[in-house]
Amino acid sequence: MELNAVLSWLSLLKHRFYCSGEKYVFGMSADTLVGMPDLSPRIESRCEVIRDPAGFDRQTSYPEIKKEIFKFKYYLRQGCQVYLVFHQNAVVAHAVVARLNRFRPYSFANHAVFQGGTSYLVFYGQTFPEYRGQGINSYILTQICKNNIKTGERVFVTSDWDNVASHKTIQKAGFKKIGVLNYLKVSFFTLRAVFKATEVEPLRS
Ligand SMILES: CC(C)(COP(=O)(O)OP(=O)(O)OC[C@H]1O[C@@H](n2cnc3c(N)ncnc32)[C@H](O)[C@@H]1OP(=O)(O)O)[C@@H](O)C(=O)NCCC(=O)NCCS
């Protein structure tokens, strides 16, 4: 197995058995989707959604994707959607969307705040450094919501408490901060899972 695959496998394993930190939880439901801004990136871009590992084979020529192919294919096998944004001939950003009643990429997603109805979690999102600040990530988030929220579905995205760039991007896309989740899981033991809501009204499913 090549080195990148080994590293990806170790990182997946780590997420299963260790998860800690203070996460800001943001959500979008059909109610809030109505007020979602109509965003487009400031550079010419196209967004592609991949839903099966075979569809991914066409993307292996992109170095940014090739490096992470093991991880992306693993997520696709778990029923996730992979969003890729292209500018000219380069992949400039990605994000992955899990349907939580099928797959939970991080153990904190077992918390009750994410349960009930059909919920999606956006994770593993990044815009590659030279393309940041062009409105790309906020655009991906709006596309994910438009594609997945039909009636009662909800889309969640979390961010480390100190990732200001990420908070701003998520809020620019129209997501509401619904609370802070303080979480610690080691091996099979959840040692802390405290959710503090910031909204009076919970997100309706
Ligand atoms: C966070 C991240 C995904 C943002 O991607 P991006 O494509 O640059 O974000 P956008 O251009 O859509 O930003 C939208 C808004 O967020 C704000 N913002 C983005 N980056 C910012 C920064 N570094 N500092 C302050 N505000 C920032 C701006 O207000 C921007 O609004 P504008 O378009 O009116 O200027 C990118 O910085 C990144 O990949 N970071 C590393 C990985 C990461 O943290 N992923 C998120 C995990 S939840």
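Data block above holds the structure.
The present account deals with the structure reproduced in this document. Quick caveat, the model's predicted, so the values are computed rather than measured.

Some remarks on the overall build of the protein
The helix and strand inventory of the protein stands at 7 helices and 8 strands. Since a compact globule built from 205 residues should have a radius of gyration of about 17 Å, the 17 Å found for the protein is in line with a globular shape. Within the protein, buried positions represent 49% of all 205 residues. Here the analysis covers contacts within the protein between residues at least 6 apart in sequence; of these, 71% occur between residues at least 24 apart. Averaging the positions of the 27 positive and the 16 negative side-chain charges in the protein gives two centres separated by 4 Å.

Some words on the site of the ligand
In the region of the ligand, 18 residues are neighbours, and Thr-127, Gly-133, Gly-135, Ser-138 and Asn-163 sit closest. Gln-134 has a polar backbone atom sitting 3.3 Å from an oxygen atom of the ligand. In this structure, Gly-135 approaches the ligand through a main-chain N or O atom, which is 2.7 Å from an oxygen atom. Look at the ligand: alone it shows 920 Å² of surface, and the protein chains cover 67% of it. Of the pockets mapped on this structure, the ligand occupies the largest pocket. Going through the elements one at a time, strand S5 (119–127), helix H6 (136–148) and helix H7 (164–172) are the ones with two or more residues in the shell around the ligand.

What counts and how
- Residues numbered from 1 in each chain as written.
- Predicted model: local features only at pLDDT ≥ 70, side-chain atom pairs only at ≥ 80, totals over all residues.
- Heavy atoms only, no water.
- Helix = DSSP H or I, 4+ residues; strand = E, 2+ residues; numbered from the N terminus.
- Rg over C-alpha atoms; globule rule 2.2 N^0.38 Å.
- Buried < 20%, exposed > 50% of the residue type's maximum accessible area, 1.4 Å probe, protein only.
- Contact = heavy atoms within 4.5 Å.
- Lys, Arg positive; Asp, Glu negative; His and termini not counted.
- Charge placed at Lys NZ, Arg CZ, Asp CG, Glu CD.
- Near = heavy atom within 4 Å.
- Polar contact = N/O pair within 3.5 Å; in protein donor to acceptor, adjacent residues only side chain to side chain.
- Areas by Shrake-Rupley, 256 points an atom, 1.4 Å probe, with all protein chains shown as cover.
- 1 Å grid on protein atoms, 1.4 Å probe; cavity = no way out; pocket = protein on both sides within 12 Å on 5 of 7 lines; lining within 4 Å.
- Sits in = over half its atoms within 2 Å of the grid points.

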